[in-house]
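# Breakdown of the fold
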Amino acid sequence: MPQILFKECKKYKVPLWQCPQFLFFIIGFLIVFGNLALYFLGSKFIQDPLILLFVISLFTIILLTINYFIVHFLEKTLDLSILKSQFLNIISHHLNSPLTNIKWILEYLISKDFSVNEKEEYFLALKDNLERIRDMLGKFNLASQIDLTLKKLKLQKVSISEITQKNLQKIQLPFSVEVKTEIEPNLPEILTDPSFLDFVIFTLLDNAFRYTQDRVEIKIAKKRGKIYFEVKDNGIGIEEKEKKYIFERFYRGKEATLKWPFGIGLGLYLSKIFIQKLGGKIGFNSKKDKGSTFWFYLPIK
Amino acid sequence: MDLTQKKIKGRHFGFIYQLNKSMLKKILFIEDERALQKTFHAILTEKGYELISAYDGESGLKLAKEEKPDLILLDLILPKIHGLDVLEALKKDPATKEIPVIVLTNVEQIDAVQRALELGATTYLVKAQYTIEEVLEKIEKILK
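This structure is a prediction, so every number in the text was calculated from the model and none was measured.

## Some remarks on the overall build of chain A
- From N to C terminus, chain A includes nine helices and seven strands.
- Counting only contacts in chain A whose residues sit at least 6 apart along the sequence, the fraction spanning at least 24 positions is 69%.
- Summed over its atoms, the accessible surface of chain A is roughly 18300 Å², and 61% of this surface lies on carbon and sulfur atoms.

See below:
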């Protein structure tokens, strides 16, 4: 028991007396002592045992409720503080990396004369790094104004296979990956927000290609009156204990961070919000070291 | 040591190049950022060093054992194996433990700095705080 308590408290990085779980424990003890005291004191003044029982029960319920709110509030505050420091870490590392690259490449470009061809390669590297920053800030912007973004929902008829093909072309493969696409012919157009759908499809494809071993399979079909999209990879997969956090803001799996250190943990979080807003459902199946399949359903109209 | 000039002037470039290459001090750069690999490759080659590139922790460890470089430049956030684990493995292996390692990263957390120095890193440089010239000075100082 104490080990579990200490483990829980350790994640908040605060002194023990500020740890919600520890406080819950302590206040629990106080309530027991309070009840005993109330019993001895009450039995002197209240003769009817039923009334005494009622008073003690009422006293316990009130204290437990107060205890719950205090601990819950403290837990929320500490969770927010962890989220804040994760956010700052991500910002500082993810901005620092491309900015240092840009700085060092520019220092080198200034230091001597280069031919146009030589310069071009370095300029492309500069562009890549700038795009990384822009992409990251774009996602932060979307996440910070998510309510506003969701209000801008604009429905129109779109072809999901066209959006998928377009995004497949956008993805730059870092190594050779076998791609298999299985798109049902004559799929109906769906009434949806193209920018949201585009974001979700790009995120799922980008992740699959990023974390796969050597194969990615895409399937789009009509199922039970809805459009079904699925992308499957044979990559690192997701650990059992990490599965519940996958759609959480800023969360990144340990293996995923090792394989691709530059993710910011917003793609899947935003994808889930968008798919839900569009009336659909998103999920995944995954096995560590075997791969993952991410899927979503969207209504046609 | 200007290899380009020798290539233009000398007919026996292949021989001269091989001779020089075996004399050059070898630096292994374990860094997944291709643009930085390219920039460092150009600068260090000009300065007369031989640069070997590894783009992830796993191949970095493999190359360190195979090539026995004179110095290793090591980023921490790396694909496949984290830089601190690479450093630990390097310092545990008798074949590589004597090779000086400069940690060159954007990770500024004090835990990471302490851990790297405890594991035996020669120095810890936060990329954003240095110019390329300053990094080169550190490299040259260690290799002298």
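From this point on, the discussion continues.
## Notes on the overall build of chain B
- Scanning chain B from terminus to terminus reveals seven helices and five strands.
- In sequence order, the secondary structure elements of chain B are arranged as α-α-β-α-β-α-β-α-β-α-β-α.
- Sequence separation of 24 or more characterises 57% of the internal contacts of chain B that already satisfy a separation of 6 or more.

## Re the sheet that holds strand β5 (residues 226-233) of chain A
All names here are of chain A.
- Within the open sheet, the five strands sit side by side as β2-β4-β5-β7-β6. Their pairing is mixed. What marks the edges here is a single partner per strand, and that holds for β2 (178-183) and β6 (281-287). When the angles between neighbouring strand axes are averaged without regard to direction, this sheet yields 10°.
- As paired elements, strand β4 (residues 215-223) and β5 share eight bridges and run antiparallel to each other. Pairing of K219 across the sheet is with E230, part of β5.
- Against the sheet, helix α6 (residues 160-170) touches β2, β4, β5 and β7 (291-299), its axis set at about 165° to β4.

## A look at unusual backbone geometry
Residues and elements named next belong to chain A.
- At N186, a residue that is not glycine, the phi angle is positive and equals roughly 55°.
- Locating N186 in the fold gives a position in the loop between β2 and β3 (190-192).
- Located in the positive-phi region is R224, a residue other than glycine, with phi close to 45°.
- Note that R224 resides in the loop between β4 and β5.

## Quick notes on the pairing of β6 of chain A
- Bridge count between β6 of chain A and β7 of chain A: seven bridges; the pairing is antiparallel. Counted as the bridge partner of S286 of chain A is S292 of chain A from β7 of chain A.

## Re the environment of L137 of chain A
All names here are of chain A.
- Its location among the elements puts L137 in helix α4 (residues 116-144).
- Residue L137 is classed as partly exposed on the basis of its relative accessible area, which comes to 43%.
- Along the primary structure L137 and L95 are separated by 42 residues, whereas in three dimensions their C-alpha atoms are 9.4 Å apart.

## Description of the side chain of R252 of chain A
Residues and elements named next belong to chain A.
- Mapped onto the elements of the fold, R252 is located in the loop between β5 and α8 (254-259).
- A polar contact is formed between the side chain of R252 and the side chain of Y211, at a distance of 2.7 Å.
- A polar contact of 3.4 Å, which involves the side chain of R252, links it to the backbone oxygen of A256.

## Some remarks on the packing of aromatic side chains
- Within the structure shown, the criterion is met by 18 aromatic pairs over all chains.
- Here F25 of chain A and F29 of chain A contribute two aromatic rings whose centre-to-centre distance is 5.6 Å and whose plane-to-plane angle is 90°, an arrangement assigned as edge-to-face. Of this pair, F25 of chain A and F29 of chain A both sit in helix α2 (residues 20-45), separated by four residues, roughly a single helical turn.
- Seen in terms of ring centroids, Y228 of chain A and Y297 of chain A are 5.0 Å apart; in terms of plane orientation they differ by 50°. Their pairing is tilted. One end of the pair, Y228 of chain A, is in strand β5; the other, Y297 of chain A, is in strand β7, and 69 residues separate them in sequence.
- Aromatic ring contacts, followed pair by pair, group W104 of chain A together with F29 and F40 of chain B into a single cluster.
- Directly above the ring of F202 of chain A sits K170 of chain A, whose terminal nitrogen or CZ lies 5.0 Å from the centroid.

## Let's talk about the interface of chain A and chain B
- The partner chain B presents 28 residues to the 21 residues of chain A that form the contact.
- For the chain A and chain B pair, buried surface summed over both sides reaches about 2000 Å², with 57% attributable to carbon and sulfur atoms.
- Residue K112 of chain A is joined to E46 of chain B by a salt bridge in which the shortest nitrogen-to-oxygen separation is 2.6 Å.
- Elements that contribute at least two residues to the side of chain A that touches chain B include exactly α3 (49-111), α4 and α8 of chain A.
- A per-element tally of the side of chain A that touches chain B places α3 of chain A first, with eleven residues.

## Quick word on the sheet that holds strand β4 (residues 101-105) of chain B
Residues and elements named next belong to chain B.
- If you trace the five strands from one edge of the open sheet to the other, you get β2-β1-β3-β4-β5, paired in parallel fashion. The open sheet has two edge strands with one neighbour each: β2 (49-54) and β5 (123-126). Neighbouring strand axes in the sheet, compared pairwise and without regard to direction, differ in orientation by 20° on average.
- Alignment of β4 against β5, held across four bridges, turns out to be parallel. Within β5, the position partnered with I102 by the bridge is T123.

## Here's the deal with the packing of helix α5 (residues 83-92) of chain B against helix α6 (residues 110-119) of chain B
Residues and elements named next belong to chain B.
- Between α5 and α6, the shortest axis-to-axis distance is 9 Å and the interhelical angle comes to 15°. As judged from the angle between their axes, α5 and α6 are roughly parallel. For α5 against α6, the interelement crossing comes out left-handed. For the pair α5 and α6, contact is made by L84, L87, E88 and K91 and by A112, R115, A116 and L119, respectively.
- Broken down by class, the residue content of the contact of α5 with α6 amounts to five nonpolar, no polar and three charged.

## Topic: the packing of α3 of chain A against helix α3 (residues 34-46) of chain B
- Interhelical geometry of α3 of chain A versus α3 of chain B gives an angle of 35° and a closest axis separation of 10 Å. Seen from above, α3 of chain A lies across α3 of chain B with left-handed handedness. Contacts from N101, W104, I105 and Y108 of chain A in α3 of chain A reach A35, L36, T39, F40, A42, I43 and E46 of chain B in α3 of chain B.
- Taken together, the residues that form the contact of α3 of chain A with α3 of chain B break down as eight nonpolar, two polar and one charged.

Criteria and cut-off values
Residues numbered from 1 in each chain as written. Chains lettered and ligands numbered in written order. Predicted model: local features only at pLDDT ≥ 70, side-chain atom pairs only at ≥ 80, totals over all residues. Heavy atoms only, no water. Helix = DSSP H or I, 4+ residues; strand = E, 2+ residues; numbered from the N terminus. Contact = heavy atoms within 4.5 Å. Areas by Shrake-Rupley, 256 points an atom, 1.4 Å probe, with all protein chains shown as cover. Pairing = 2+ DSSP bridges. Axes fitted to C-alpha atoms, helices over the stretch in contact; angles between N-to-C directions. Buried < 20%, exposed > 50% of the residue type's maximum accessible area, 1.4 Å probe, protein only. Polar contact = N/O pair within 3.5 Å; in protein donor to acceptor, adjacent residues only side chain to side chain. Phe/Tyr/Trp six-rings, centres within 6.5 Å; stacked < 30°, edge-to-face > 60°. Lys NZ or Arg CZ within 6 Å of the ring centre and 35° of its normal. Buried area = accessible area lost by both parts, 1.4 Å probe. Salt bridge = Lys/Arg side-chain N within 4 Å of Asp/Glu carboxyl O. Parallel < 35°, antiparallel > 145°, perpendicular 65-115°, else oblique. Left-handed = near helix turned anticlockwise from the far one by under 90°. Nonpolar A, V, L, I, M, F, W, Y, C, P; charged D, E, K, R; others polar.

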